[in-house]
Amino acid sequence: MRYTLSGKVGPGGLGAGVWNLGPGGDPFGGPTRDAIPIIDRLPLLAEAGMSYYEAHDHEIPAADAEKAKAKAESVGLKCAMYTPSFFADKIFKDGGMTSNDASVRTLAGDNARRAVDTTVALGANVMVFWNGREGFDFVLAKDGRESFKRLVAGFNAVGHYSKDKYGDKIRFAIEPKPNEPRANMYLANVGEALYLISRLDNDIQHLFGVNPETAHSRIAGLDYVWDIEMALEANKLFHIHLNAQDGQRYDQDLPFGYTEPLKDLALCVVLQDAKYDGIVCFDVKAPRTDDPANITDVLHVSSKNLLWLWERALKVDRKKIADLRAANRSTAIAGYLAECLYGH
Ligand code: 3MF
Ligand code: MG
């Protein structure tokens with residue numbers, strides 16, 4: 001059984017990251033489950049109702065691409081996106097593109113280009129850049145204006161590489177986050193990512209968009225519905241990471257729909273009305289307390305919550321919302337959404 005969204009939005013099937021089924025370590029304690037080999041996580045994702053998987057280059061390196069593609073195909077899974085990690089290896093402890101060390105920046109460029117080739121090899125159309133360690137813990141440790149120029153140069157270089165080799169086949173989605181692992185991160189929110197894109201070379205700008213993550217907006221204290229509306233308005237919503245976050249604190253990657261169902265309902269309305277055509281993926285972490293046998297509970301809970309909200313969102317009366325807007329009844333709109341959520 002595959003979880004599928006109805007209506008004319010995207011391909012319908014859902015996806016998740018291979019890293020979502022991790023062994024349960026956190027900064028205060030080691031793993032609570034045996035690590036499942038990455039390749040064996042693909043059938044688990046398929047059994048949990050996913051149609052797509054996502055992976056980093058440290059999880060599926062270029063050399064393993066063929067093996068991973070075959071395994072994914074054997075269980076009916078496609079690659080939604082691939083992503084270079086500028087945060088796992090210690091060489092990138094101070095970032096990749098924005099490192100003060102020119103040799104590290106060169107290495108980041110090499111990794112990004114290799115990741116473009118692996119994205120193609122895995123059959124995905126989207127490559128994501130999460131800002132990861134691109135940031136600073138102490139002011140003046142980096143020159144902020146210089147860092148921004150390094151980001152522009154780095155993204156321009158990878159964009160041109162891809163354009164020259166593959167035309168418009170691969171699109172790049174920048175995933176913003178305000179903090180964690182760094183105290184402060186460049187490309188902290190959707191607006192910053194859009195600004196960066198506006199500074200890229202004209203002939204490759206169309207290849208760049210954003211991958212907003214609902215919890216990341218929340219960590220910044222921002223509203224994720226508006227963040228996603230902004231990306232849609234700019235025609236830059238190339239990918240999406242759905243999850244939940246219990247307030248402004250450390251990154252939790254909770255199951256989608258758990259903390260703010262009313263906003264999640266509104267988000268579904270927004271995606272439906274904009275006819276979002278990308279793939280919907282979860283970035284949810286199997287909790288450390290869950291037993292190995294239940295490691296995919298987080299995907300089932302997220303998917304069921306999304307499907308229920310999605311069906312309810314399809315039934316939301318758009319005319320009623322328009323009428324309430326025209327009558328300046330914003331509180332009544334909140335009440336109507338609650339009725340759609342909790343009513344029969
Ligand atoms: C961290 C994240 C990342 C990104 C991933 C994709 C490890 O908060 O959200 O997950 O989603 O790197 O580029
Ligand atoms: Mg994410």
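In case you missed it, the structure is sitting above this.
Note that the coordinates shown come from a computational prediction; the quantities given were computed from them, not determined experimentally.

Scanning the protein chain from N- to C-terminus turns up 11 helices and 10 strands. Over its C-alpha trace the protein chain gives a radius of gyration of 20 Å, about what one expects of a compact globule, namely 20 Å for 344 residues. Taken along its principal axes, the extent of the C-alpha atoms in the protein chain is 60 × 45 × 40 Å. Burial analysis of the protein chain (344 residues in total) assigns 51% to the buried set. For the protein chain, the computed accessible surface area is about 15500 Å², with 53% contributed by carbon and sulfur atoms. Counting 40 positive and 46 negative side-chain charges, the protein chain places the centres of these two groups 2 Å from one another.

Below, the discussion takes up the coordination of the magnesium ion (ligand 2). Donor atoms from the polypeptide that coordinate the magnesium ion (ligand 2) comprise Glu175 (OE), Glu213 (OE), His241 (ND1) and Asp283 (OD), at 1.9 to 2.4 Å from the metal. The coordination sphere of the magnesium ion (ligand 2) comprises 6 donor atoms, whose angles at the metal cover 77 to 169 degrees; the geometry is octahedral.

Looking now at the site of ligand 1. Around ligand 1, 14 residues are found, and the nearest of them are His56, Glu175, Glu213, His216 and Asp283. In the model, an oxygen atom of ligand 1 is placed 2.8 Å from a nitrogen or oxygen of the Asp283 side chain. Out of a free accessible area of 350 Å², ligand 1 has 92% covered by protein chains. Looking at the shell around ligand 1, the elements that each hand over two or more residues are strand S3 (78–83) and strand S4 (126–130). The residue makeup of the shell around ligand 1, split by class, is 5 nonpolar, 4 polar and 5 charged.

A few words on the pairing of S3. Looking along a regular strand, one sees the side chains alternate between the two faces of the sheet. With 5 of 6 residues buried, S3 is to be regarded as a mostly interior element. As judged from the 5 bridges shared by strand S2 (residues 52–56) and S3, these two strands associate in the parallel manner. Pairing of Tyr53 across the sheet is with Cys79, part of S3. Viewed along the sheet, the connection from S2 through helix H2 (residues 65–74) into S3 turns out right-handed.

Across the interface, helix H10 (residues 318–326) lies against helix H11 (residues 330–342) with an axial gap of 8 Å and an inter-helix angle of 160 degrees. With respect to each other, H10 and H11 are oriented roughly antiparallel. Seen along the crossing, H10 lies across H11 with a hand that is right-handed. From H10, Lys320, Ile321, Leu324 and Arg325 reach across to H11, where they touch Ala332, Ile333 and Tyr336. Across the contact of H10 with H11, the residue classes tally to 5 nonpolar, no polar and 2 charged.

So, on to the environment of Glu192. Relative to the helices and strands, Glu192 is located in helix H5 (residues 190–198). A C-alpha to C-alpha distance of 30 Å links Glu192 and Pro61, two positions 131 residues apart in sequence.

Further remarks concern helix H7 (residues 224–233). Residues spaced three or four apart along an α-helix point in a common direction, a consequence of the helix completing one turn every 3.6 residues. Along H7, 7 of the 10 residues are buried, which leaves the element largely enclosed by surrounding structure. Taken as a whole, H7 has its buried residues at Tyr224, Val225, Asp227, Ile228, Met230, Ala231 and Leu232. Two or three places before Val225, at the opening of H7, Asp223 has a side-chain oxygen 3.3 Å from that residue's backbone nitrogen. Where H7 terminates, the next one or two residues include Asn235, which has phi positive at roughly 65 degrees.

This brings us to the nonpolar core. Among the nonpolar cores identified, the biggest contains 90 residues, and Tyr53, Phe155, Phe208 and Leu306 are the most heavily contacted of them. Top contributing element to this core by residue count: helix H8 (residues 261–273), with 7 residues. Dropping the residues within four chain positions of it, Phe155 is found in contact with Met97, Phe129, Ile174, Leu187, Leu196, Leu200, Ile204 and Phe208. In this structure, Met81, Val126, Ala173 and Phe238 belong to the second largest nonpolar core, which totals 5 residues.

In this structure the tally under the stated criterion is 0 disulfides. Unpaired in this structure, Cys268 has its nearest cysteine sulfur neighbour in Cys340, at a distance of 12 Å. Cys281 carries a free sulfur, and the closest cysteine sulfur to it, the one in Cys79, is 9.1 Å from it. Residue Cys281 is classed as buried on the basis of its relative accessible area, which comes to 0%.

The rules we used
- Residues numbered from 1 in each chain as written.
- Chains lettered and ligands numbered in written order.
- Predicted model: local features only at pLDDT ≥ 70, side-chain atom pairs only at ≥ 80, totals over all residues.
- Heavy atoms only, no water.
- Helix = DSSP H or I, 4+ residues; strand = E, 2+ residues; numbered from the N terminus.
- Rg over C-alpha atoms; globule rule 2.2 N^0.38 Å.
- Buried < 20%, exposed > 50% of the residue type's maximum accessible area, 1.4 Å probe, protein only.
- Areas by Shrake-Rupley, 256 points an atom, 1.4 Å probe, with all protein chains shown as cover.
- Lys, Arg positive; Asp, Glu negative; His and termini not counted.
- Charge placed at Lys NZ, Arg CZ, Asp CG, Glu CD.
- Donors = N, O, S within 2.8 Å, 3.2 Å for Na, K, Ca; no water.
- Tetrahedral: all angles 85-135°; square planar, octahedral: opposite > 155°, others 65-115°.
- Near = heavy atom within 4 Å.
- Polar contact = N/O pair within 3.5 Å; in protein donor to acceptor, adjacent residues only side chain to side chain.
- Nonpolar A, V, L, I, M, F, W, Y, C, P; charged D, E, K, R; others polar.
- Pairing = 2+ DSSP bridges.
- Right-handed = clockwise from strand over helix to strand, strands pointing away.
- Axes fitted to C-alpha atoms, helices over the stretch in contact; angles between N-to-C directions.
- Parallel < 35°, antiparallel > 145°, perpendicular 65-115°, else oblique.
- Left-handed = near helix turned anticlockwise from the far one by under 90°.
- Contact = heavy atoms within 4.5 Å.
- Core = buried A, V, L, I, M, F, W, Y, C linked by side-chain atoms within 4.5 Å.
- Disulfide = S-S within 2.5 Å.

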